[in-house]
2 protein chains.
Amino acid sequence: MLQVLAERHFPLAALRLFASARSAGQTVLVSGRPHVIEELGSADPRGLDLVLFSAGAAVARTEAPRFAAAGALVVDNSSAFRLDPDIPLLIPEVNPDAVAGWTPALGRRIVAVPNCAAIAIILALKPLHDAAGLERVTVATYQSAAGAGKRGLAELEAETRRALAGEAPGAHVFAHPIAFDVLPHIGSFGPDGETSEEAKIVAETQKILGLPGLRLSATAVRVPVRVGHSAAVWVETRSALAPDRAREVLASAPGVVVIDDPATASYPRSRVAAGTDAIYVGRIRRDPTVPHGLLLWVVGDNVRKGAAVNAVQIAEHVLHVGAGGAPASAAVAR
Amino acid sequence: MLQVLAERHFPLAALRLFASARSAGQTVLVSGRPHVIEELGSADPRGLDLVLFSAGAAVARTEAPRFAAAGALVVDNSSAFRLDPDIPLLIPEVNPDAVAGWTPALGRRIVAVPNCAAIAIILALKPLHDAAGLERVTVATYQSAAGAGKRGLAELEAETRRALAGEAPGAHVFAHPIAFDVLPHIGSFGPDGETSEEAKIVAETQKILGLPGLRLSATAVRVPVRVGHSAAVWVETRSALAPDRAREVLASAPGVVVIDDPATASYPRSRVAAGTDAIYVGRIRRDPTVPHGLLLWVVGDNVRKGAAVNAVQIAEHVLHVGAGGAPASAAVAR
């Protein structure tokens, strides 16, 4: 988040850092300048224009409203507020009007950042919906270890080293050993056998696209990839949409890059997507099993566009930063 | 293949080994006894009851008919004969009648072993079809490096070691670096953007289930797993089939094991499937986006049931071995 603020030259008048009591008091260098971490729970929330929350849902539920009430715009990365009908769930390229009428001076508001897998899929679905109307969507994901945070990434690497050395696995972050295996289990299981991750992909896509009745089914799978979520997506549209036309529509969509040349084995890959801010779409082809069917392969950096970049873009959009807006007093809380 | 013959106590009267000129003359120990590899192209095909082919499609096309003409039953693992309408494509648990009326004495016949991903998926689909009628199937695969042979497996391990050491990748077997990445590319691309692997899954499923019009769409993806293919499968059936009933039907199907207890994070995993001969099905749940929809997660050892075990089972079935059949003179060709 701090890196993305710096990269995008976000005009900071001042910056404060908040974390739990365990990290409070530590000094962090941001753009070469020392910042002392404050304890989130006891911090004075006043005087901030923007707070970027990257804590868990439980912390966000308690703390985010306190900062919003004190006047800040809060952009929250957790799932705490995403399905709250009063809180916008925003991908600036997709549903910018969810914050229509908001002014930088308004503050006292919370905006939620969608689930990282959902962001990538929705960026690919939106232009297809505008062109031909979504009827039904089926998604199988291939989600990286970084989706489980720094500890997930560290566990993938440590477990893989162990597996290569012939040592026994020792899973902690993931339910089972993740080295050289795929696990159809992200989040927790609900009563119908659906995982919380699958439920998020469905409900958040419906909310962001404004299609509460959209028929969408997802299987979410953790794969031994470091950074970058991929998805195989089947799309049924109301009217016909040829693969060539879908390619055009996607290529001109904001935030989307088409990589689709089978002849040169060119298609989106997490190795290429990682570290960039676009969502990549390829392997666009007809699904002949339904009247108007398309298949896609979608890849995006889940840490950047799937989280930090989308959060900072939300702040830019609401605070009119990057279009000559005034410097903001901001905070990052985790 | 040799290991599976030994494990299953296949009654061998004699065994010959064939390979290319490069390997011919080498001595291989089978069950402690030395066997000298013969050159396949110049070998005398006479006197064999059974030949298990594990060569490529080009070699199989030339050599398999020569051994069949000399009287042997040929079981071929390549794609050469799979879609030939005169040649059975056999999963003994699924379509044993494809060789109805064949007798061990008959010989002079070729039977094809299906694609490794198709075998796993079909074993799960067959009982559902019998129970409720398949209407439409959608498949996203997660296929292991071993599907690309020993060299694929070696490349996954070598590339992963390199990636962990921060060294540059050097892909050879796969189109792109496979360490910590997923590649939606198995086989070669056809004119419609479909890969040959995807086309095999569709056409072989239709042939084996005897449903030439079955609507099936697949995306085949290579994942950094050593052994074991997984698949997310969406099934639409003609009549209603509740998840509980699907679980019962699958649990009683030959060759299928159900692992499906979300409460204990129990679902099929390649780590558990590898080295075993069953196909595992779990995460069985309703797909609420269609009238009669189910989701499944299917995993199998692609080297065993996906190839060697299915090949030996075909030989047992046709030659009536394992039910008091006579010892056979067999050969393994690669």
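Each value, and the rule that gives it
- Residues numbered from 1 in each chain as written.
- Chains lettered and ligands numbered in written order.
- Predicted model: local features only at pLDDT ≥ 70, side-chain atom pairs only at ≥ 80, totals over all residues.
- Helix = DSSP H or I, 4+ residues; strand = E, 2+ residues; numbered from the N terminus.
- Rg over C-alpha atoms; globule rule 2.2 N^0.38 Å.
- Contact = placed C-beta atoms within 7 Å.
- Nonpolar A, V, L, I, M, F, W, Y, C, P; charged D, E, K, R; others polar.
- Buried ≥ 20, exposed ≤ 12 C-beta atoms within 10 Å, placed from the backbone.
- Pairing = 2+ DSSP bridges.
- Right-handed = clockwise from strand over helix to strand, strands pointing away.
- Least-squares fit on C-alpha atoms with pLDDT ≥ 70 in both.
- Domains from an automatic or database assignment.
- Axes fitted to C-alpha atoms, helices over the stretch in contact; angles between N-to-C directions.
- Parallel < 35°, antiparallel > 145°, perpendicular 65-115°, else oblique.
- Left-handed = near helix turned anticlockwise from the far one by under 90°.
- Bend = angle between axes of the 7 residues up to and from the residue.
- pLDDT = per-residue confidence, 0-100.

### Regarding the overall build of chain A
Each helix and strand counted, chain A has eight helices and 14 strands in total. Compactness check: chain A gives a C-alpha radius of gyration of 20 Å against a globular reference of 20 Å for 334 residues, within 12% of the reference. Taking the principal axes of the C-alpha coordinates as reference, chain A spans close to 60 × 55 × 40 Å. Long-range pairs, those at least 24 residues apart, make up 67% of the contacts in chain A with a sequence separation of at least 6.

### Section: the interface of chain B and chain A
In this assembly, 46 residues from chain B lie in contact with 46 residues from chain A. Those elements giving two or more residues to the side of chain B that touches chain A turn out to be β7 (134-142), α4 (149-164), β8 (215-219), β9 (229-237), α7 (270-273), β11 (279-286) and β12 (293-300) of chain B. Residue composition of the side of chain B that touches chain A, grouped by class: 22 nonpolar, 10 polar and 14 charged.

### Looking at the pairing of strand β6 (residues 73-76) of chain A
All names here are of chain A. On β6, burial covers both faces: L73 and V75 on one face and V74 and D76 on the other are all buried. The pairing of strand β5 (residues 50-53) with β6 spans four bridges and is parallel. Paired with L50 across the bridge in β6 is L73. Assessed by its sense of winding, the connection that carries the chain from β5 through helix α2 (residues 57-69) to β6 is right-handed.

### Considerations on the relation of the copies chain B and chain A
Once turned by 180° and shifted 0.0 Å along the axis, chain B lies on chain A with an RMSD of 0.0 Å. The transformation relating the two chain copies, once decomposed into turn and shift, fits a two-fold axis. Most of the interface of chain B is mirrored in chain A, where 100% of its interface residues again form contacts.

### Focus on the domain arrangement of chain A
Many structure descriptions define interface size as the accessible area lost when the parts assemble. Residue and element names in this part refer to chain A. Looking at the assigned domains, one finds that chain A contains domain 1 (2-114 + 306-333) and domain 2 (116-302). The gap between the C-alpha centroids of domain 1 and domain 2 is 26 Å. At the interface, 13 residues of domain 1 touch 19 residues of domain 2. For the side of domain 1 that touches domain 2, the per-class residue count stands at seven nonpolar, four polar and two charged.

### Let's talk about unusual backbone geometry
In the Ramachandran plot, A265 of chain A falls in the positive-phi region, its phi being about 55° despite a non-glycine side chain. Mapped onto the elements, A265 of chain A comes out in the loop between β11 (256-258) and α7 (270-273). Under the C-beta neighbour-count criterion, A265 of chain A is labelled partly exposed, with 14 such atoms within 10 Å. One non-glycine residue, F180 of chain B, adopts positive backbone phi at about 55°. Position of F180 of chain B relative to the elements: it lies in the loop between α4 and α5 (196-209). By the C-beta count within 10 Å, which is 25 here, F180 of chain B ends up buried.

### Let's talk about the sheet that holds β7 of chain B
Within a sheet, adjacent strands bond to each other through the backbone by hydrogen bonds, running parallel or antiparallel. All names here are of chain B. The sheet built from six strands is open, its strands ordered β8-β7-β9-β12-β11-β10 with mixed pairing. Two strands close off the open sheet at either side, each with one partner strand: β8 and β10 (256-258). Across this sheet, the average inter-strand angle for adjacent strands is 25°, counted without regard to direction. Looking at chain direction, β9 and β12 are connected through eight bridges and run antiparallel.

### Quick look at the environment of Q26 of chain A
All names here are of chain A. If you trace the backbone, Q26 turns up in the loop between β1 (12-19) and β2 (27-30). Overall, Q26 belongs to the exposed group, with 11 C-beta atoms counted inside 10 Å. Sequence separation between Q26 and E197 is 171 residues; the distance between their C-alpha atoms is 33 Å.

### A few points about the sheet that holds strand β1 (residues 12-19) of chain B
All names here are of chain B. Spatial ordering of the open sheet is given by β2-β3-β1-β13-β4-β5-β6, a layout of seven strands whose pairing is mixed. Of all strands in the sheet, those bounded by a partner on one side alone are β2 (27-30) and β6 (109-112). Taking the axes of each pair of neighbouring strands and ignoring which way they run, one obtains an average angle of 30° across the sheet. Pairing analysis gives three bridges linking β1 to strand β3 (residues 33-39), with the strands arranged parallel.

### A short note on the packing of helix α3 (residues 116-132) of chain B against helix α6 (residues 243-251) of chain B
Between two packed helices, both the angle of their axes relative to each other and the distance between the axes serve to describe the pair. All names here are of chain B. Two numbers describe how α3 lies on α6: the axes approach to 9 Å, and their chain directions differ by 120°. It follows from the interaxial angle that α3 and α6 lie oblique. Read as a crossing pair, α3 and α6 show a hand that is right-handed. Of the residues in α6, those in contact with A124, P127, L128 and A131 of α3 are A246, V249 and L250. Of the residues contributing to the contact of α3 with α6, the split by class is seven nonpolar, no polar and no charged.

### Notes on the packing of helix α3 (residues 116-132) of chain A against helix α5 (residues 196-209) of chain A
Residue and element names in this part refer to chain A. Running from amino to carboxyl end, α3 crosses α5 at an angle of 40°, the nearest separation of the two axes being 10 Å. In terms of axis orientation, α3 runs oblique to α5. Helix-helix and strand crossings are classified by hand; for α3 and α5 the assignment is right-handed. Touching A117, A118, I121, I122, L125, K126 and H129 of α3 are K200, I201, E204, T205, I208 and L209, all from α5. Across the contact of α3 with α5, the residue classes break down as eight nonpolar, two polar and three charged.

### With respect to helix α8 (residues 304-319) of chain A
All names here are of chain A. Along its length, α8 shows its largest kink, about 40°, at N310. Most of α8 sits inside the fold, with 15 of its 16 residues counted as buried. Once α8 ends, the next one or two residues include H320, with phi positive near 55°.

### Looking at the confidence of the model for chain A
Looking at chain A, pLDDT values average 95 and 98% of them are 70 or higher. Here the prediction assigns the complex a pTM of 0.96, and the interface score ipTM is 0.95.

### Re the pairing of β1 of chain A
Residues and elements named next belong to chain A. As judged from the six bridges shared by β1 and strand β14 (residues 328-333), these two strands associate in the parallel manner. Paired with L17 across the strands is V332, a residue of β14. In terms of strand pairing, β1 meets strand β4 (residues 38-39) through two bridges, oriented parallel. Each residue of the ladder has a partner; that of A19, found in β4, is E39.

### Notes on the environment of A24 of chain B
When you line up the elements, A24 of chain B lands in the loop between β1 and β2. On the basis of neighbour count, A24 of chain B is assigned to the partly exposed category, with 17 C-beta atoms found within 10 Å.

### Focus: the environment of V249 of chain B
Residue and element names in this part refer to chain B. With respect to the helices and strands, the residue V249 is situated in helix α6. On the basis of neighbour count, V249 is assigned to the partly exposed category, with 18 C-beta atoms found within 10 Å. Along the sequence, V249 and K126 sit 123 residues apart, while their C-alpha atoms lie 9.9 Å from each other. Look past the residues within four positions of V249 in its chain and what remains in contact with it is P127, L128 and A131.

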